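For reference, the chains in residue letters:
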Amino acid sequence: MTIVFFFPVILRDVHRNIYSMDLLEHEGNKIIILEATQYYGLYKPTATDSFIFERLISCKVKSDIIKFKDSLGESPVLYVTDNLYMKMAFEALNILVREQDKLLAASTRVTAANYTYPQGLTKFLHRSLRIADNCLPLHFLKFYYDWVKKIYTPDYYLGATKFLTANNTILSVAKNKRLYAHSDDVNKVFEPMENIINPSKRIGVFLDQMLPYFNGRNPDFDKNVNKEYKKVYYQNLKRTFEKLKKNLDLDDIVIALHPEAVNIRKEIDEKFAPFRTYIDSSTELIKDSSVVFGHFSTVIGLAVYYNKPIILFTDRNIEGRKERGKHISSYANELGLNILEIDAPTMIEKDKLLFKDKKLYEEYSKKFLQELTYQGNSFHYAINRIIEEIN
């Protein structure tokens, strides 16, 4: 089977493991990585992995997309992409996906930080749809999204949990075409892992997000965004680390770097010095940690999965960016977490900082992390289910 992983916005090295590309290829499938980041002009790909480049086809203009489609044989192709792109990539998907092809759209990275609870009339509609979905074939309304809303409707949907299924998915994808397993971060849990830090020691892990380098959603490495804030941010972080080491009786604090740090690793390492940094190792670090620190990283879900105490960080700059402050508050409310201001840290009692609300952790896992107890990669699971149907 030819499987085309379509990336109209973000392409990183971690996508190789997230989508279980190696295993799918080993099983006899042909893997194509189709990126259109320049076509949409929203984000520069930061992938450096030779595995990705050897299977990569880039589409810079519309004619490239048409050319790729025309290069395919008559056999069906399975396209895989993120459900977020169904509206933005409507035109490209209409070109790419032929009658014999199938499209799997995934929503496997939703967290408390980017989930919006329905309110008012929307809340009533949300609840009513779920009740009706149990007994009615609501997906026949898909034409509304295709023709009126210009949102591409996929053939299959993969979600982390049923709780996160959006209204438009209920109204456009049949129940037997909706697949569930767990979030992207949980996928890593089922892979072989080595100990990076000593589990017998008390070590804290900070989940880096490179916030001073991000201009909105995109990292901006060339324009020196927030030059002064970069300096102050890392100074405040390290000062807070030292206080927490003492207050929580920690042997050390290590940094789980953001994937984009691969582009400026030396500079980032210098900013965090003398604290040790690691990249593409968040799962291993969290698993053996005693406590996890962060802002609003999606990887906080892994700290919940491993039942670790979590402490959130903020500062005046973050709070001044309404969306970032809201993300942190969402995690705090959902999990009952403490928030420390790193630019004016006031230490909270150790027992309160390390407190975990068992009930809230369990509820969070059910909502955002895991629907099935399937012990494997969610994309491998879903793609093989679809291939069986196609064949």
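Residues numbered from 1 in each chain as written. Predicted model: local features only at pLDDT ≥ 70, side-chain atom pairs only at ≥ 80, totals over all residues. Heavy atoms only, no water.

1. Observations concerning the sheet that holds strand S1 (residues 2-7)
Across the sheet, seven strands lie side by side as S3-S2-S1-S4-S5-S6-S7; this open sheet has parallel pairing. Either end of the sheet is taken by a strand with one partner, and the two such strands are strand S3 (56-58) and strand S7 (178-180). Adjacent strand axes in the sheet meet at a mean angle of 25° when their direction is disregarded. Relative to strand S5 (residues 102-107), strand S4 (residues 77-82) runs parallel, the two sharing five bridges. (Pairing = 2+ DSSP bridges. Helix = DSSP H or I, 4+ residues; strand = E, 2+ residues; numbered from the N terminus. Axes fitted to C-alpha atoms, helices over the stretch in contact; angles between N-to-C directions.)

2. Considerations on the sheet that holds strand S14 (residues 310-314)
Spatially, the six strands line up as an open sheet ordered S12-S11-S8-S13-S14-S15, and their pairing is parallel. Taken across any chain shown, the strands that pair with only one partner, and hence form the sheet edges, are strand S12 (277-279) and strand S15 (338-341). Between one strand axis and the next, the sheet turns by 30° as a mean value, whatever way the strands run. Inspection of the sheet shows strand S8 (residues 203-207) paired to strand S13 (residues 291-294) by four bridges, in the parallel sense. Pairing of Phe206 across the sheet is with Phe293, part of S13. On the sheet, helix H17 (residues 322-335) packs against S14 and S15 and is oriented at approximately 155° with respect to S14. (Contact = heavy atoms within 4.5 Å.)

3. Observations concerning the pattern of salt bridges
If you walk through the whole model with that rule in mind, you get 18 salt bridges. Here Asp133 makes a salt bridge to Arg178, at a shortest N to O gap of 2.8 Å. Placement of Asp133 in helix H8 (residues 120-133) and of Arg178 in strand S7 is noted, with a sequence separation of 45 residues between them. Neither residue differs from the other here; Asp133 and Arg178 are each classed as buried. A single network of salt bridges, built from pairs that share partners, joins Arg16, Asp22 and Asp49. (Salt bridge = Lys/Arg side-chain N within 4 Å of Asp/Glu carboxyl O. Buried < 20%, exposed > 50% of the residue type's maximum accessible area, 1.4 Å probe, protein only.)

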